[in-house]
Amino acid sequence: METETVRTRPDVGRGGGRAARLTRRQGVGSLVAEAAGSPLRRTMGVGQLTLLSVGATLGTGIFVVLGQAVPEAGPAIVVSFVLAGVTALFSALSYAELAGMIPGSGSSYSYAYATLGELVAWVCGWCLILEYGVSVAAVAVGWGQYVNELLDLTVGVTLPDTLSAPPGAGGVLNIPAAAIVVLAMVVLLRGAKESAVANTVMVGVKIAALVMFCAVAFTAFRAGNFTPLFPLGTAGMSAGAASLFFSYIGFDAASTAGEEAKNPQRDLPRAIILSLVLVLVTALYVLVAVAALGAMPWKRFEGTEATLSEVLVQSVGGGSLWPILLSVGAVVATTSVVLTVQYGQIRILFAMSRDGLVPPLFSKVHPTTGVPRANTVIVSTFIAVLAALVPLGALADATSIGTLFAFMLVNLAVVLLRRRSPEAPRSFRVPFSPVTPILGVGFCVYMLFSLGPDTWAAFGGWMAVGLVIYWLYGIKHSKLGDRLGSGDKPGDKETA
């Protein structure tokens, strides 16, 4: 694969001072060279990358968190989906530009490392761990709810709460939620190519399930269910959008596949832009939300589990056939999200480990499968425990705040790299920059402040833990710090 010569300006922050160590930056050239020499196997084309993005996006917001978000916004949840989609659209354009420039596994962590320095990169990476890990756990909890609903509809029994709900929600352990994470781990251990094939099949099933739901639910549509449209005001609409925003992390997941893409500079931007069929994803989300709210008054959504199936059971006649088919589709759909987002989490830690900020165990690749095996097992075990012990609502909001923070940094990175490395090759350029990425920052900030104080408190605690880990381990083991200490100037590197 041919790559153009990349020249980047020297890194700032070299020297012995503490502030200099925190602001040291990776050069774009060194990041590209590192990705080019990756031990991961390049097996994915633009189609698989696009479906990876769609697989991680389509399903979460509508199958899993609709029952959590509707009580916050009322019928205005339809507008909430549009607001979240527009916010994601601005950020996706920034991701497309940076993924073509820096086609590695680090996603926004690597983009922040090249523009805002090591400390901010660590913060971004720590946000991504929250975004991905907690997102998988949240979706796994939703998966367990649909499995229980399917058992009830087909054989008339359900798992007892002690085995299917976390502490605080009437149970002891959520076994189904942990089980799907372990199942995804088994698939991921086989290799990226096999995981992509499984995801492709599941994306088709989930689209069919949502189209079927709309066709059936519209038979019970009542326009009066949308009056008033904003019963909780615009603040409720914004809060609903913020809660479900983590549904839109698909193109971030695609950008983590940079070292397993056959032609990353060309295919990654194309895949991200194609997944801006994200506009079509948003349209499908809106259509499903309209169908659901038209069939069942919004106040009845509170406390529902397996929400879409519940809508069909309560509002549509014709027996249990449609709810059964919907529950089957939901189980497949959420399996796809667990698989693709779990993949992204593992690749983020792979990149951070290669830079020395987390232990080297996370970047060891198995010679036969080309998979970071230990990384996959450790991450999956952690997520499985989280899914078994934490309720869905708390997981969803925590994921959204991490996602919004990371997306904000990506938009900032586009503006900074246009100034610092104007000559670096870009296979895609954000149109109307810097206006477009600045709008992306603004929308992310607006959504961040729509989240509640409890979510912010949890986020602050998470960040505090991350900074302690960075201070005790990352800053001391940083490979960039070692190179700078030996007089190397990675910002001046060229790759040919």
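Refer to the structure above for everything that follows.
Note that this is a predicted model, so its numbers are computed, not measured. (Residues numbered from 1 in each chain as written. Predicted model: local features only at pLDDT ≥ 70, side-chain atom pairs only at ≥ 80, totals over all residues. Heavy atoms only, no water.)

A.B. asks: Account for the pattern of salt bridges, naming residues and giving values.
C.D. replies: The full count for this structure, using the stated rule, is 7 salt bridges. Ionic pairing is found between Glu259 and Arg354, a salt bridge with its closest N-O pair at 2.6 Å. Placement of Glu259 in the loop between helix H13 (250–255) and helix H14 (264–274) and of Arg354 in helix H17 (residues 321–354) is noted, with a sequence separation of 95 residues between them. Taking relative accessible area as the criterion, Glu259 reaches 0% and is therefore assigned buried. In this structure Arg354 comes out as buried when scored by relative accessible area, which is 15%. In this structure, the salt-bridge partner of Arg347 is Glu260, at a minimum N-O distance of 2.8 Å. Taken as a pair, Arg347 in helix H17 and Glu260 in the loop between H13 and H14 lie far apart in primary sequence, 87 residues in all. Taken as a pair, Arg347 and Glu260 share a single burial class, namely buried. Connected through salt bridges with shared partners, the residues Glu34, Glu259 and Arg354 form a single ionic network. (Salt bridge = Lys/Arg side-chain N within 4 Å of Asp/Glu carboxyl O. Helix = DSSP H or I, 4+ residues; strand = E, 2+ residues; numbered from the N terminus. Buried < 20%, exposed > 50% of the residue type's maximum accessible area, 1.4 Å probe, protein only.)

A.B. asks: Describe the side chain of Thr87, naming the residues involved and giving the relevant values.
C.D. replies: Examined against the element boundaries, Thr87 turns out to sit in helix H6 (residues 77–101). Given a relative accessible area of 0%, Thr87 falls into the buried group. Here Leu83 takes part through its backbone oxygen, which lies 2.9 Å from a polar atom of the side chain of Thr87. Among residues more than four places away in sequence, those in contact with Thr87 are Phe245, Leu404, Phe443, Cys444 and Met447. (Polar contact = N/O pair within 3.5 Å; in protein donor to acceptor, adjacent residues only side chain to side chain. Contact = heavy atoms within 4.5 Å.)

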